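Coordinate analysis (summary)
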Amino acid sequence: MVGAMSANTSAAVSFSGVARHYGPVKAVDGVDLQIAPGEFFAMLGPSGSGKTTCLRLMAGFEQPTGGSISIFGEAMEGVPAYRRPVNTVFQDYALFPHMNVLANVCYGLTIRGMARAEREELGREALALVKLAGMEDRRPAQLSGGQRQRVALARALVVRPKVLLLDEPLGALDLKLREEMQGELKGLHRTLGLTFVFVTHDQGEALSMADRVAVFNEGKIVQVGSPEDVYERPRTRFVADFVGSSNVIEPATTAAWIGTAKAASLRPEKIAIVNGAAPADAIVVEGTISEVLYHGAVKRIELDTTTGHLVAAVASASAGEAGPGSKVRLAFPRTALHLMDSA
Amino acid sequence: MSLTAAEIAPPRDGLRRRISDVLVARHGFYLFLLLLPPLLWLGVVYLGSLFALLAESFFSIDDFSGVVVRTPTLATYAQLFQPANFAVIVRTASVAAIVTLLSTIVAFPIAYYAARYARGRMKAAFYVAILMPLWSSYLVKVYAWKLLLAKEGVIGWTLEHIHATWILDGVLALPTVGGPSLSTSYIGMVVVFLYLWLPYMILPVQAALERVPASLIEASGDLGANPGHTFRSVILPLAAPGVVAGAIFVFSLTLGDYIVPQIVGPSSLILGQVVYIQQGTAGNIPLAAAFSVVPVIIMGVLLTIAKRTGAFDAL
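Note that this is a predicted model, so its numbers are computed, not measured. Per chain, residues are indexed from 1 in the order of the written sequence. Both sets of labels track the order of writing: A upward for chains, 1 upward for ligands. Two thresholds apply to this predicted model, a pLDDT of at least 70 for residue-level local features and 80 or more for giving and counting side-chain atom pairs, whereas whole-chain, interface and lining totals are computed over all residues.

We now examine the overall build of chain A. Helix and strand counts for chain A come out as ten helices and 18 strands. Our exposure labels follow a C-beta count within 10 Å of each residue's own C-beta, placed from the backbone: buried means 20 or more other C-beta atoms, exposed means 12 or fewer, and partly exposed covers the counts in between. For chain A, the residues scored as buried account for 41% of the 343 residues in total. A sequence separation of at least 24 residues applies to 62% of the contacts in chain A between residues at least 6 apart. Starting at the N terminus, helices and strands are each numbered in turn, a helix being any DSSP run of H or I of at least four residues and a strand any DSSP run of E of at least two. Throughout, a residue-residue contact means that the two C-beta atoms, derived from backbone geometry, are no farther apart than 7 Å.

Structure follows, in structure tokens:
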């Protein structure tokens, strides 16, 4: 577990007041960020929230219109992409279609003027690392999406970047493959000890893989913290809603329940359906089921209550057979209510 | 009416839907109908006349009566290697090669700008600027150039007024490519060809460059390649099919043209002119046919070489 950085010089990537405006559009607007060496850092947010622009600013494909960026203590102002100690795994993989897999992987080494035998050995090694040994002579067009992704990864890793930037690398893969790659990326991160910066709009991916998560909205970072922090203690309504689904309880209701008039987040899995007596300090709400969605291990039950719409995630085994229209009683402990900043 | 209650009737059955049913069910018949008109045109009229031409080139002409002798012979082809005829081929191929090379050099930056930087109105302006010359008559353009290039023309007049006639004199004094004036020199001929065929080079190169994803260029830079290196190892190889396509247009258009050399350039003949003369005034159809086969052969050889060097690998 890596803690927050104190000084800029010890950070792998440091943003201070970074902005990227396109005319009136503020794609990135005043972002401060410290990524520790060796950290697996996720930038999470909906599309257009500025997370990808931040990654592109790190890579050097874009220049900030304000603020400053440094990588391992070195100011990046005016430093072009080809002089930065970072490498990117692109969302569309960006493999060179006119080169075979080995030539793609060795591209960075070729540019560095490495002798053919030496670079091909490193290239093969990198391909073995991503489990693609034997595919050296294939063309990118002959590979599946998952294989292309691995080639892109090998190509970026073979040049030993100080920071590896991943732009939604798993976005185009199907669910099964995505889960497999999540595990492999995590494993690679552990073995290589590099700093990984990962952009995703998939909160599950960010929570399961990252050491720390930055949640972006409208060009700004709304919250940075460990996955647990962000999930259990969302600072704003937006974070509560975007990171996992959450019930946002209005200040009027929290005032009635616990005497504090502040918006609160209530995670669906904290809510239980009670048939008999509820635990002593629990808050009990009555409601009518409007929809039941079966997710295998859990059922998501949507309810209309006197205090508004609520979603409960209940273990399928204990959810019973109650369907739409049934009246049920819900209970959750007071501590499950997490008070948020008003925003 | 509500969505839950209403039953929506399927679309009415008509003759067109019935025809569609037949065509959807019989895919082969559909393809046959689709290809019939172009195959009739391409197969019979177009390729047919090409083969008739090819056949003609294997006949010869009786030198005394001027009648075509319809017995297969290679004698007409042998005539191509007579010094005067062979010089025409070499001259034409050289002019075409130079025009192709120059048009690549001139077209590439324009195409690159249009493909990678021009957006919105600039892009529309680009297309208009490139295509507008094609809307006006070819002859008008060639004669306009003759006036520009003539001894008393705009170029000479301008240079005289800025006291730079010595530049023009120096250029015209060059051996082979020079001459008494720009309009009667190879330089003038090449300039006119370059002007006429430039759109045919710009458009395919621009289309090829446009298909190069921006992420590939970024990826190359990301891996440490400076812009020059990225250009050589990513952009150029991926644009090569477009350059080759443009080169085919420019080279073959120049090889076959017979009007420009009549109006601009020295008195030495170009291949197209020879074909024109042989099939017309000279009445030697077999030799004209043999001459017209030469560009076909040259293009075939060039394309084979281009394929060997991997110019089409990115297709």
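This next bit is on the pairing of strand β14 (residues 282–294) of chain A. All names here are of chain A. The rule for pairing is simple: two strands pair if DSSP sees at least two bridges between them. The pairing of β14 with strand β17 (residues 327–333) spans seven bridges and is antiparallel. Each residue of the ladder has a partner; that of Glu 286, found in β17, is Arg 329. Alignment of β14 against strand β15 (residues 298–305), held across seven bridges, turns out to be antiparallel. The residue of β15 that forms the bridge with Gly 287 is Thr 305. Hairpin connection of β14 to β15: three residues between the antiparallel strands, including Gly 296 at a positive phi of 85 degrees.

Here the focus is the environment of Arg 119 of chain A. Residues and elements named next belong to chain A. Tracing the chain through its elements places Arg 119 in helix α3 (residues 116–129). Distance in space between the C-alpha atoms of Arg 119 and Met 135 is 16 Å, their sequence separation being 16 residues. Setting aside residues no more than four positions away along its own chain, Arg 119 makes contact with Cys 106, Leu 109, Thr 110 and Met 114.

Residues and elements named next belong to chain B. With 31 residues, helix α2 (residues 27–57) extends 42 Å from end C-alpha to end C-alpha; this agrees with the ideal 45 Å at 1.5 Å per step. At Leu 35, α2 shows its maximal kink, close to 45 degrees; a proline, Pro 37, follows between one and four residues later. Of all 31 residues that make up α2, two are buried, and the element is exposed over most of its length. One fewer than the residue count of a helix, multiplied by 1.5 Å, yields its expected span. A residue's bend is given by the angle between axes fitted to the 7 residues ending at it and the 7 residues starting at it.

What follows deals with the nonpolar core. Only buried Ala, Val, Leu, Ile, Met, Phe, Trp, Tyr and Cys residues enter a nonpolar core, and they are joined through C-beta atoms within 7 Å. Met 43, Met 58, Ala 154, Val 197, Phe 198 and Val 215 of chain A together with Val 205 of chain B are the most contacted members of the largest nonpolar core, which has 156 residues in total. Broken down by element, the residue count for this core peaks at 18 residues, all from helix α9 (residues 186–210) of chain B.

Once that is clear, we can look at the environment of Ser 16 of chain A. Residues and elements named next belong to chain A. Here Ser 16 lies in strand β1 (residues 13–22). Residue classification places Ser 16 among the partly exposed residues on the basis of 14 C-beta atoms within 10 Å. Each C-alpha atom of the pair Ser 16 and Arg 138 lies 43 Å from the other, and the pair is 122 residues apart in sequence. The contact partners of Ser 16, leaving out residues within four places of it in the chain, are Asp 32, Gly 67 and Ser 68.

One non-glycine residue, Tyr 93 of chain A, lies in positive phi territory at about 70 degrees. By the secondary structure assignment, Tyr 93 of chain A is in the loop between β6 (86–89) and α2 (101–111). Look at Thr 176 of chain B: it is not a glycine, yet its phi comes out positive at around 65 degrees. The class for Thr 176 of chain B is exposed, based on 11 C-beta atoms found within 10 Å.

On the chain B side, the residues contacting the 18 residues of chain A number 17 residues. Every element with two or more residues in the side of chain A that touches chain B is listed here: β6 and α2 of chain A. For the side of chain A that touches chain B, the element with the highest residue contribution is α2 of chain A, accounting for three residues. In this classification, Asp, Glu, Lys and Arg are treated as charged, Ala, Val, Leu, Ile, Met, Phe, Trp, Tyr, Cys and Pro as nonpolar, and every other residue, Gly included, as polar. Partitioned by chemical class, the residues of the side of chain A that touches chain B number eleven nonpolar, four polar and three charged.

On to the pairing of β1 of chain A. As a general feature of sheets, a regular strand has side chains that alternate between the two faces. Residues and elements named next belong to chain A. Pairing geometry for β1 and strand β4 (residues 66–71), over five bridges, is antiparallel. Opposite Ala 19, over in β4, you have Gly 66 as the bridge partner. As judged from the seven bridges shared by β1 and strand β2 (residues 25–35), these two strands associate in the antiparallel manner. Directly across from Tyr 22, in β2, lies its bridge partner Val 25. Hairpin remark: β1 followed by β2, antiparallel, with two residues in the connecting loop; positive phi at Gly 23, about 55 degrees.

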